[in-house]
2 protein chains.
Amino acid sequence: MKNKVNITTLEEKNLINNITNISIIGAGNVANILAKNLVNSGYIINQIYNRTKSNAVDLVKELSAEFISDLSQLNANVDLIIVTITDTIIEPILNKININETLIVHTSGSISIDVFSEKAINYGVFYPLQTITKNNFISLKNVPICLEANNEKNLSILRNIAGSLSSSAYEIDSKQRKILHLAAVFACNFTNHMYNLSSKILEKNNLDFDILKPLIAETAGKVENFNPSELQTGPAIRNDKNIINNHIELLNDIFKNDKSYKNISEIYSFVSDDIYLKSKLKDKN
Amino acid sequence: MKNKVNITTLEEKNLINNITNISIIGAGNVANILAKNLVNSGYIINQIYNRTKSNAVDLVKELSAEFISDLSQLNANVDLIIVTITDTIIEPILNKININETLIVHTSGSISIDVFSEKAINYGVFYPLQTITKNNFISLKNVPICLEANNEKNLSILRNIAGSLSSSAYEIDSKQRKILHLAAVFACNFTNHMYNLSSKILEKNNLDFDILKPLIAETAGKVENFNPSELQTGPAIRNDKNIINNHIELLNDIFKNDKSYKNISEIYSFVSDDIYLKSKLKDKN
């Protein structure tokens, strides 16, 4: 990755980076994990905004932060505001807050930095490329953090915050970040859905999902060292029609009374065809 | 898993298990990894059959085994024959060999034990539930091995061989094994295909696949402790139509001149719809 940022030492960081007080808009998965990592690195979380208190109450308590549910109470007199709310409401929320000259960032993979351009003076993006669920605390130490800012000074500030949380920070512009997010949907969200379907197949047949865990770990572990295109195994790449047809029949039978799985055999066929298509065209090259 | 087999100690094993000499039919991925693990555990590989010598030559040399390309040369005077060839040719191959009373097993997830019933006296199945590629040696130590045999004595022999290779052996009948194999196609083959698609998206945009590796590791690591249905994140489960439509446009643009990726945006839509369908029906329950 050509844009990898060199992480400065802690001393350099404290010289450049006067960021201490941070407020967070949102109290969902990203807010939870990011805020806890920030506090662990010595930052102070001042205010946490959320529409409903119940979803924020544990986090606010744990971080000794102030809870607000009214955006007019947001105190812009902090060093950084982090907007962690869902993409679709970032813009409407920005219209309701008073940012002044405070540095403000969002954490979204898909929203352009330009969302801030008419609303803030100092702004950027702080996108941790990871699947984050609040019930599972993770350190951001090995999580790539993708940074973008409206000027060098702000980028340098974000670089330092990222450096205090993670060993891996990247300068990624909005266009590249969208591509990364799209790739992450395949590598994470769709992969998890495949796990989910496999788990359901076993559950319906009284087999324990545990038996698949070494396979899942190995499948993911292998791409550390090989390109996934070299690792494809199974009936689809062999174009083993007997097994493929047998699997489709099995799926239809297992899920015949379950509406929420009505598409599973189509997914099986569709993904299998795609695996074979790629291997066929690769052979031709 | 109710059928988990207790692994006997090495001493017990040597008492019960007189298996020493093993011949292998096939020289592909499973043959390679299984044979090497067997040799590491003290077994001797006598003969390796393969149609073409070139694919078998390295393995034969490494294991000091005899190479044969003519099935009439197969010496049934060994303790075990392991059939590792692709599912579709197991039956035709069995018709060509002289098995006598030698114990014979196959390593397939999908082929019933009954394939042997008219051809052998002592037979079974020895199915390692793992994705195996010969260029990547793995120990079978943590790999679940699914066992089936035509009688208790043969099952006991297979149990002991499995126990000398792996800490995790299961008695799984042919029907359950088919289900496991089907689930494994989703958890491994389809998952790897999702990695492959994500890798291609990045490659086409000059972004390095390395940046996704922590995400892939975390996505797989999480299912060690949580049910995948609790872990779904991303635009599909939020039904974020803006991002979904934007991703589909991006895919159409990235792959507009690449025939082998012509279905990628359909896969995106189809899997996204399925993720959302499940979350919607789950909410109703």
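The shown structure was predicted, so the numbers you read here are calculated from the model rather than taken from an experiment.

A. Focus on the overall build of chain A. The helix and strand tally for chain A stands at ten helices and eight strands. With the C-alpha coordinates aligned to their principal axes, the bounding extent of chain A is approximately 65 × 45 × 35 Å. The burial tally for chain A puts 60% of its 285 residues in the buried class. A separation of at least 24 residues holds for 56% of the contacts in chain A among residues at least 6 apart in sequence. In the structure as shown, chain A presents an accessible area of about 12200 Å², 44% of it carried by carbon and sulfur atoms.

B. Molecular detail of the sheet that holds strand β3 (residues 66-68) of chain B. All names here are of chain B. Judged by pairing direction, the sheet is mixed, and its eight strands sit side by side in the order β3-β2-β1-β4-β5-β6-β7-β8 without closing on themselves. Every other strand in the sheet has two partners, leaving β3 and β8 (169-171) as the edge strands with one partner each. The mean inter-strand angle of the sheet, taken between neighbouring strand axes irrespective of direction, is 25°. Of the pairings in the sheet, the one linking strand β7 (residues 145-149) to β8 comprises three bridges and is parallel in character. Bridge pairing in β8 places Ile-145 opposite Ala-169. Against the sheet, helix α5 (residues 152-165) touches β4 (80-83), β5 (103-106), β6 (123-128), β7 and β8, its axis set at about 165° to β7.

C. Fine view of the relation of the copies chain B and chain A. In the superposition of chain B on chain A (RMSD 0.0 Å, axial shift 0.0 Å), the rotation amounts to 180°. Accordingly, the operation relating the two chain copies is best matched by a two-fold axis. Looking at the rotation axis and the C-alpha trace of chain B, the residue lying nearest is Thr191(B), at 2.5 Å.

D. Broad picture of the packing of helix α6 (residues 174-204) of chain A against helix α6 (residues 174-204) of chain B. Between α6(A) and α6(B), whose axes approach to 9 Å, the crossing angle comes to 180°. Classed by the angle they form, the pair α6(A) and α6(B) counts as roughly antiparallel. In terms of residue class, the contact of α6(A) with α6(B) is built from 24 nonpolar, four polar and no charged.

E. Spatial organisation of the environment of Ser269(A). For Ser269(A), the position within the fold is in helix α10 (residues 264-284). Overall, the relative accessible area of 25% leaves Ser269(A) in the partly exposed class.

F. Focus on the sheet that holds strand β8 (residues 169-171) of chain A. All names here are of chain A. Here eight strands make up an open sheet; going across it, the order is β3-β2-β1-β4-β5-β6-β7-β8 and the pairing mixed. Bordering the open sheet on either side are β3 (66-68) and β8, each of which pairs with just one other strand. Going from strand to strand, the sheet's axes swing by 25° on average, the running direction of each strand aside. Two strands pair when backbone bridges link them, and strand β5 (residues 103-106) and strand β6 (residues 123-128) are joined in this way by three bridges, in the parallel orientation. Among the inter-strand pairings, Ile-104 is bridged to a residue of β6, identified as Tyr-123. Its contacts with the sheet place helix α5 (residues 152-165) against β4 (80-83), β5, β6, β7 (145-149) and β8, and it is angled at close to 165° to β7.

G. Representation of a positive patch on the surface. Together, Lys241(A), Lys280(A), Lys259(B) and Lys262(B) make up a region of like positive charge exposed at the surface. Secondary-structure assignment places Lys262(B) in the loop between α9 (241-254) and α10 (264-284).

H. Looking closely at the nonpolar core. Formed by 129 residues in total, the largest nonpolar core has its most connected members in Ile104(A), Phe186(A), Ile201(A), Ile104(B), Phe186(B), Ile201(B) and Leu212(B). Aside from chain neighbours lying at most four places away, what touches Ile201(A) is Leu251(A), Ile254(A), Phe255(A), Ile264(A), Ile179(B), Leu182(B), Ala183(B) and Phe186(B).

I. Inspection of the interface of chain B and chain A at higher detail. At the junction of the two partners, chain B supplies 96 residues and chain A supplies 95 residues. Between chain B and chain A, the buried area comes to about 9400 Å², and carbon and sulfur atoms account for 69% of it. Inspection of the chain B/chain A interface yields zero salt bridges. Going through the elements one at a time, α6, α7 (213-222), α8 (235-238), α9 and α10 of chain B are the ones with two or more residues in the side of chain B that touches chain A. Per-element accounting of the side of chain B that touches chain A gives the leading share, 25 residues, to α6(B). When the residues that make up the side of chain B that touches chain A are grouped by side-chain class, the tally is 49 nonpolar, 32 polar and 15 charged.

Calculation rules
- Chains are numbered independently. Their residues run from 1 in the order of the written sequence.
- Each chain is given a letter, starting from A, and each ligand a number, starting from 1, according to the order in which they appear as written.
- Reporting in this predicted model follows two pLDDT cut-offs: at least 70 for local features of residues, and 80 or more for side-chain atom pairs to be given and counted; totals over whole chains, interfaces and linings ignore these cut-offs and use all residues.
- As a rule here, side-chain values come from all non-hydrogen atoms in the structure, and water together with hydrogens is ignored.
- The helix count covers DSSP runs of H or I at least four residues long, the strand count covers runs of E at least two residues long, and both are numbered beginning at the N terminus.
- Think of it in three bands: residues with accessible area under 20% of the maximum for their type are buried, residues over 50% are exposed, and the middle band is partly exposed, with areas taken using a 1.4 Å probe on protein chains only.
- In what follows, residue pairs with any heavy atoms lying within 4.5 Å of each other are defined as contacts.
- Here the accessible surface of atoms and residues is derived via Shrake-Rupley with a 1.4 Å probe, and residues count as covered only by protein chains that are part of the display.
- Only strands joined by at least two bridges in the DSSP assignment are considered to pair.
- All axes here are fitted lines through C-alpha atoms, helices being fitted over the stretch that makes contact, and every angle between N-to-C directions spans 0 to 180 degrees.
- For the least-squares superposition of copies, only C-alpha atoms count, and only for residues with pLDDT at least 70 in both.
- Relative orientations are named as follows: roughly parallel for angles under 35 degrees, roughly antiparallel for angles over 145 degrees, roughly perpendicular for angles from 65 to 115 degrees, and oblique for any other angle.
- We call Asp, Glu, Lys and Arg charged. Ala, Val, Leu, Ile, Met, Phe, Trp, Tyr, Cys and Pro are nonpolar, and the rest, Gly among them, are polar.
- Each patch is built from salt-bridge-free residues with over 30% relative accessible area, joining like charges within 9 Å and nonpolar side chains (Val, Leu, Ile, Met, Phe, Trp, Tyr) within 5 Å.
- When a carboxyl oxygen of Asp or Glu is within 4 Å of a side-chain nitrogen of Lys or Arg, the pair counts as a salt bridge.
- Under this rule, positive means Lys or Arg and negative means Asp or Glu; His and the chain ends count for nothing.
- By convention, the charge on Lys lies at NZ, on Arg at CZ, on Asp at CG and on Glu at CD.
- Within this scheme, the nonpolar core is defined by two criteria: the residues are buried Ala, Val, Leu, Ile, Met, Phe, Trp, Tyr or Cys, and they are joined through side-chain atoms within 4.5 Å.
- We define buried area as the total accessible area lost by two parts upon association, computed with a 1.4 Å probe and summed across both.

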